[in-house]
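# Commentary on secondary and tertiary structure
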Amino acid sequence: CLVGDLMCGAESLLAYKNRRYDFSPAFYHVKSVLSKADYSVGVLETMCDDSQPYESDVLRTANGRPNSNSPSTFIGALKDAGFSGLVTAHNHNCDAGLKGLQTTINTILNYGMDNIGTMSLNPIIAEINGINVAFIALSLLSNGLDGITKNAENDLGRFSEGYAKTLIDEARNQ
């Protein structure tokens, strides 16, 4: 099962009183579909670093860039809903800085899900019903924050034709 953007916008965050964020009810209507799938992947179109301001607190950073950062419990709700892997190669993957991306990835991995597309976790090979399936995720931009790392291809999943071909070849050889 492939799902597009999973976001936790300011409106969603403001709905939770006293900063007790349980997002599981938001996935009530899709949980049965996601959890029955052999492997469910979604694009986590936010970072989840509890040490940084959430989008509902600071919509834009001081330099005017988006601040798509959500509570780490959002990832827990995605695991509970049935997701097996989350894509972090997207334009918001640097909104909370490199530390925010690393914290988000660690949270994904700690929940037992695959991180797809960033920090050299490309390709991800999942065995589904005895068949190896490769997941490769790449992104064209990181909201102008590509300079936070010296290796945007591996760290941020930055697209280039050569890098994509390398990943495809690597997946074929696994």
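A brief look at the structure comes next. (Residues numbered from 1 in each chain as written. Predicted model: local features only at pLDDT ≥ 70, side-chain atom pairs only at ≥ 80, totals over all residues. Heavy atoms only, no water.)

### Observations regarding the pattern of salt bridges
Put simply, the rule is: Salt bridges are defined by distance alone: a side-chain nitrogen of Lys or Arg within 4 Å of a carboxyl oxygen of Asp or Glu. Each helix corresponds to a stretch of at least 4 residues labelled H or I by DSSP, and each strand to a stretch of at least 2 residues labelled E; elements are numbered beginning at the N terminus. Whether a residue is buried, partly exposed or exposed follows from its accessible area with a 1.4 Å probe, protein chains only, as a fraction of its type maximum: under 20%, in between, or over 50%, in that order.
For the structure shown, the criterion picks out 4 salt bridges. Residue Asp-80 pairs with Lys-31 through a salt bridge whose shortest N-O separation is 3.4 Å. Separated by 49 residues along the polypeptide, Asp-80 in helix H3 (residues 73-81) and Lys-31 in helix H2 (residues 31-36) bring together distant segments of the chain. With relative accessibility at 39%, the residue Asp-80 sits in the partly exposed group. A salt bridge links Asp-169 to Arg-172; the nearest nitrogen and oxygen atoms lie 3.9 Å apart. Placement of the pair is Asp-169 and Arg-172 together in helix H6 (residues 161-172), with a separation of 3 residues, close to one helical turn.

### Quick word on the nonpolar core
Using the following cut-off: The definition of a nonpolar core used throughout is a set of buried Ala, Val, Leu, Ile, Met, Phe, Trp, Tyr and Cys residues joined through side-chain atoms within 4.5 Å. By definition, residues are in contact when any of their heavy atoms lie within 4.5 Å.
Residues Phe-74, Leu-78, Phe-83 and Leu-86 are the most contacted members of the largest nonpolar core, which totals 19 residues. Looking at this core, the element that brings in the most residues is H3, giving 5 residues. Other than its neighbours up to four places away in sequence, Leu-78 contacts Leu-6, Phe-27, Leu-44, Phe-83 and Leu-86. Membership of the second largest hydrophobic core comes to 11 residues, among which are Tyr-39, Val-87, Ala-89 and Ile-124.

### A look at the sheet that holds strand S4 (residues 114-116)
We apply this condition: Should DSSP find at least two bridges between two strands, the strands are taken to pair. Think of each axis as a best-fit line through the C-alpha atoms, taken over the contacting stretch in the case of a helix, with angles from 0 to 180 degrees between the N-to-C directions.
Spatially, the 4 strands line up as an open sheet ordered S1-S2-S3-S4, and their pairing is parallel. The open sheet has two edge strands with one neighbour each: strand S1 (2-6) and S4. Taking each pair of neighbouring strands and ignoring which way they run, the sheet shows an average axis angle of 25°. Here 3 bridges tie strand S2 (residues 41-44) to strand S3 (residues 85-87), and the two strands are oriented parallel to one another. Residue Gly-42 lies in a different strand from S3, and its bridge partner there is Leu-86. Docked against the sheet, H3 engages S1, S2 and S3, running at close to 165° with respect to S2. Strands S2, S3 and S4 of the sheet are contacted by helix H4 (residues 97-110), whose axis makes an angle of about 140° with S4.

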